[in-house]
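Breakdown of the fold
Listed below, chain by chain, are the residues.
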Amino acid sequence: MIKLAPSILSADFARLLEDVKKVENAGCEYLHIDVMDGHFVPNITLGPGVVKSLRKDVNMVFDAHLMIENPDSYIKEFVDAGCDIIVVHQEACKHLHRTIQNIKSYNIKAGVALNPATPIDTIKHVLEDVDMVLIMTVNPGFGGQSFIEGMISKIKELKGLIDSKGLNVDIQVDGGIKPDNVLDVVKAGANVIVAGSAIFNSENIQETVDLFRKNASK
C-alpha cells in the first residue's frame, strides 16, 4: 500500500491550514514540507515557524525535505517544530553519516535525498542507517515540473540494493508524479508518493487522492 505525501509547495499559502486540512481529510498520510533556502536550490519557501503553527492542528506525519545548505544547523529547529521525518540531501552534507545520526538522536526518522544526476552508489554505505531514501524525479527548487523518465531505472536500482541487503527502507519519489504515471514509479519500487500540483491544484482533492490510490494498485 502506498502512502501519499502532498507537497506543501503547491498549497495556497494564504489559506495554508485550510488546504492542508483538505488533504488530511482526504486520507493522505504524510505532509511533505519543502524547505528551500535560495542557496542549495534557486527558491525560498518556509521555515520551522510555519511548521510549528501547522503542527497544532494537523495529525499527519510531517515529512520535512531540507533543500538547504548546512542542514545540521537547522535539524533541532525542525524537530522542535514537530517534524516526524527529516530528509537531507546527500549533495548538501559534507559528513552524511554524521548528519543522519544527528537526526536520529532526536528519536525521529531520517532520510536522504538524491538529485537526478546523483548516483545511488553515493549512499550505499549509509542505507542501513536511514528510514527512507528520496529519489528526486525532477530537479529540486520548483513545483509543477515534468517527470524525468530516466529516474525509473534509478528507482529500480535502489529497490534492488535495498532488497539485496534485506533492509526495510521506504523509497519516496518527488517531482512530476500524477495519477497517470504513479503506477510506473510504484512498479519500480516506490511506496511513498509526493505529489504537489497534481493534488493541491485539482478541482476535487478527494477524487484525485482516490484516483492516485486506484491507479497505483493496478
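Look up: the structure comes first, before these words.
Report follows, based on the coordinates. Keep in mind that what you see is a predicted model, and the values were worked out from it rather than measured. (Residues numbered from 1 in each chain as written. Predicted model: local features only at pLDDT ≥ 70, side-chain atom pairs only at ≥ 80, totals over all residues. Heavy atoms only, no water.)

**Remarks on the overall build of the protein**
Here is the rule: The helix count covers DSSP runs of H or I at least four residues long, the strand count covers runs of E at least two residues long, and both are numbered beginning at the N terminus. For every residue, the accessible area obtained with a 1.4 Å probe (protein chains only) is divided by the maximum for its type, and the residue is called buried under 20%, exposed over 50%, and partly exposed between those limits. When checking whether two residues touch, look at their non-hydrogen atoms; a contact exists if any pair is within 4.5 Å. Accessible surface area values rest on a Shrake-Rupley calculation with a 1.4 Å probe, where residue burial reflects the displayed protein chains alone.
For the protein, the count of helices and strands is eight helices and eight strands. Seen through its principal axes, the protein has C-alpha atoms that stretch 45 × 40 × 30 Å. The buried share of the protein, reckoned over its 218 residues, is 54%. Sequence separation of 24 or more characterises 67% of the internal contacts of the protein that already satisfy a separation of 6 or more. Of the roughly 9,800 Å² of accessible surface on the protein, a fraction of 47% belongs to carbon and sulfur atoms.

**Thoughts on the sheet that holds strand 8 (residues 192-195)**
Worth spelling out the cut-off: Two strands make a pair as long as DSSP finds a minimum of two bridges between them. Here an axis means a line fitted to C-alpha atoms, over the contact stretch when the element is a helix, while the angle between two N-to-C directions is reported on a 0 to 180 degree scale.
Read across the sheet, eight strands follow the order 1-8-7-6-5-4-3-2 without closing on themselves; strand pairing throughout is parallel. Since the sheet does not close on itself, it has two edges, and those belong to strand 1 (3-6) and strand 2 (30-36), each with one partner. Across this sheet, the average inter-strand angle for adjacent strands is 25 degrees, counted without regard to direction. Inspection of the sheet shows strand 7 (residues 170-174) paired to strand 8 by three bridges, in the parallel sense. The residue bridging Q172 from the neighbouring strand is V192, located in strand 8.

**Things to note about unusual backbone geometry**
For residues that are not glycine, phi is negative in most cases, and the peptide bond is trans in most cases. For N70, which is not glycine, the phi torsion reads 50 degrees and is therefore positive. One can find N70 in the loop between strand 3 (61-67) and helix 3 (75-81). Its identity as a non-glycine residue notwithstanding, N107 has a phi of 60 degrees, on the positive side. Looking at the element boundaries, N107 is found in the loop between helix 4 (96-104) and strand 5 (109-114). By relative accessible area, which is 73% here, N107 ends up exposed.

Taken by themselves, the reported measurements are silent on function.
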